[in-house]
Amino acid sequence: MKVMVNGLPGKMASEVAKQVLKTEGLELVTCALTGYDINTTLHQIGDLEITLVKPEARENFIASIQKPEISVDYTHPSAVNSNADFYCRHNLPFVMGTTGGDRTALEQRVKDSDIVAVIAPNMAKQIVAFQAMMKYAADNFPTAFSGYSLEITESHQKGKADTSGTAKAMVGYFNRLGIPFDIEQIRMIRDPQRQIAMGIPENVLTGHGWHTYTLKSEDGSVLFRFTHNVNGRETYAEGTIDAIKYLSGKIATGERGKVYSMMDVLKGKL
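Computed from a prediction, not measured in an experiment: that's the story for all the values here. (Residues numbered from 1 in each chain as written. Predicted model: local features only at pLDDT ≥ 70, side-chain atom pairs only at ≥ 80, totals over all residues. Heavy atoms only, no water.)

A. Looking closely at the layout of surface pockets. Here the largest pocket is characterised by a volume of approximately 1000 Å³. Lining the largest pocket we find 48 residues, and of these Met12, Tyr74, Thr75, Gln157 and Lys160 sit closest to its centre. Secondary-structure elements contributing two or more residues to the lining of the largest pocket are helix 1 (11-22), helix 3 (80-89), helix 6 (165-176), helix 7 (192-198) and strand 11 (208-216). The computed volume of the second largest pocket comes to approximately 480 Å³. Every residue lining the second largest pocket is counted, 23 residues in all, and those nearest its centre are Ile119, Ala120, Pro121, Gly165 and Ala169. (1 Å grid on protein atoms, 1.4 Å probe; cavity = no way out; pocket = protein on both sides within 12 Å on 5 of 7 lines; lining within 4 Å. Points joined across faces, edges and corners; volume = space filled by probe spheres on them. Helix = DSSP H or I, 4+ residues; strand = E, 2+ residues; numbered from the N terminus.)

B. Broad picture of the sheet that holds strand 10 (residues 187-189). Taken in spatial order, the four strands make up an open sheet running 10-9-11-12, and their pairing is mixed. Of all strands in the sheet, those with a lone pairing partner are strand 10 and strand 12 (223-231), marking the two edges. Averaged over neighbouring strand pairs, the angle between their axes works out to 10° when direction is ignored. When strand 11 meets strand 12, the two strands line up antiparallel, connected through nine bridges. The partner of Tyr213 across the bridge, within strand 12, is Phe226. (Pairing = 2+ DSSP bridges. Axes fitted to C-alpha atoms, helices over the stretch in contact; angles between N-to-C directions.)

C. Quick look at the packing of helix 3 against helix 4 (residues 103-111). Between helix 3 and helix 4, the least distance of the axes is 10 Å, while the angle of their chain directions is 0°. If you check the angle between helix 3 and helix 4, you find them roughly parallel. Touching Val80, Asn81, Ala84, Asp85, Cys88 and Arg89 of helix 3 are Arg103, Ala105, Leu106, Arg109 and Val110, all from helix 4. Each residue belonging to the contact of helix 3 with helix 4 can be placed in one class, and the counts come to six nonpolar, one polar and four charged. (Parallel < 35°, antiparallel > 145°, perpendicular 65-115°, else oblique. Contact = heavy atoms within 4.5 Å. Nonpolar A, V, L, I, M, F, W, Y, C, P; charged D, E, K, R; others polar.)

D. Expanded view of unusual backbone geometry. Each neighbour pair has its own omega, and for Leu8 with Pro9 the value is 5°, a cis peptide bond. Here the phi dihedral of Asn91 falls at roughly 55°; this positive angle occurs in a residue that is not glycine. Structurally, the position occupied by Asn91 is in the loop between helix 3 and strand 7 (94-96).

E. Inspection of the packing of helix 5 (residues 125-140) against helix 6 at higher detail. Between helix 5 and helix 6, the least distance of the axes is 8 Å, while the angle of their chain directions is 20°. Accordingly, the angle class assigned to the pair helix 5 and helix 6 is roughly parallel. Both helix 5 and helix 6 take part in a crossing whose hand is left-handed. Contacts between helix 5 and helix 6 pair Ile127, Phe130, Gln131, Met134, Lys135, Ala138 and Asp139 from the former with Thr166, Ala169, Met170, Tyr173, Phe174 and Arg176 from the latter. For the contact of helix 5 with helix 6, the residue count by class is eight nonpolar, two polar and three charged. (Left-handed = near helix turned anticlockwise from the far one by under 90°.)

Shown next, in the form of structure tokens:
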């Protein structure tokens with residue numbers, strides 16, 4: 001399965017590309033789409049030199065090569081919808097790990113196309129399982145936390161431009177559990193000094209995801225706190241590999257115009 005990892009030389013894309021190289025049955029395509037403002041057209045992943053293709057050159061580029069079987073997107077929130085349109089127009093099934101953009105339009109674009117895609121704000125399987133538990137609670141015990149207040153704090157590396165997609169998704173579950181809360185109320189921390197004060201190790205400041213969800217009863221007598229702290233990017237890359245494999249199975253069965261989530265991927269592995 002030939003895989004093109006877009007977003008190089010970004011750190012998340014680089015981590016995924018390394019995992020692709022190590023995974024039996026996957027072959028890393030030696031070119032990648034990039035929006036980075038860099039002075040080179042090459043990026044080294046292991047023993048491979050990857051040719052980096054700027055947005056203005058991608059149409060000519062895709063017409064001149066043998067198309068990858070799956071594309072992986074870890075680019076920039078501002079490029080999400082444009083990239084998805086590109087993948088759909090050129091029949092390139094994809095895994096979208098980039099957060100941001102108009103997610104409703106993103107999914108609809110795939111549904112109107114001849115391809116399939118895995119689209120997820122978080123590729124870490126264990127966090128996805130936690131989200132599944134929250135979804136179960138929201139589905140089966142609506143308004144269970146009526147009257148409670150909510151605080152959400154998420155910390156990521158300074159270069160992450162948007163609010164965490166996982167935190168945004170969690171807001172929906174808490175709303176259904178009876179807690180009024182807007183996405184704009186999420187506390188987004190990107191300052192390294194504040195992160196060090198929170199206890200985040202200095203060696204992972206450039207790649208981490210720490211989330212805390214605090215629920216408090218109206219009189220303050222009851223408190224619930226859910227926390228998931230991820231240091232590094234490896235767990236996200238491993239989940240991305242699972243998403244690639246899952247998507248390849250859907251391609252093999254001729255699926256078209258369908259969007260899958262990491263919950264689908266997780267269920268597919270059980």
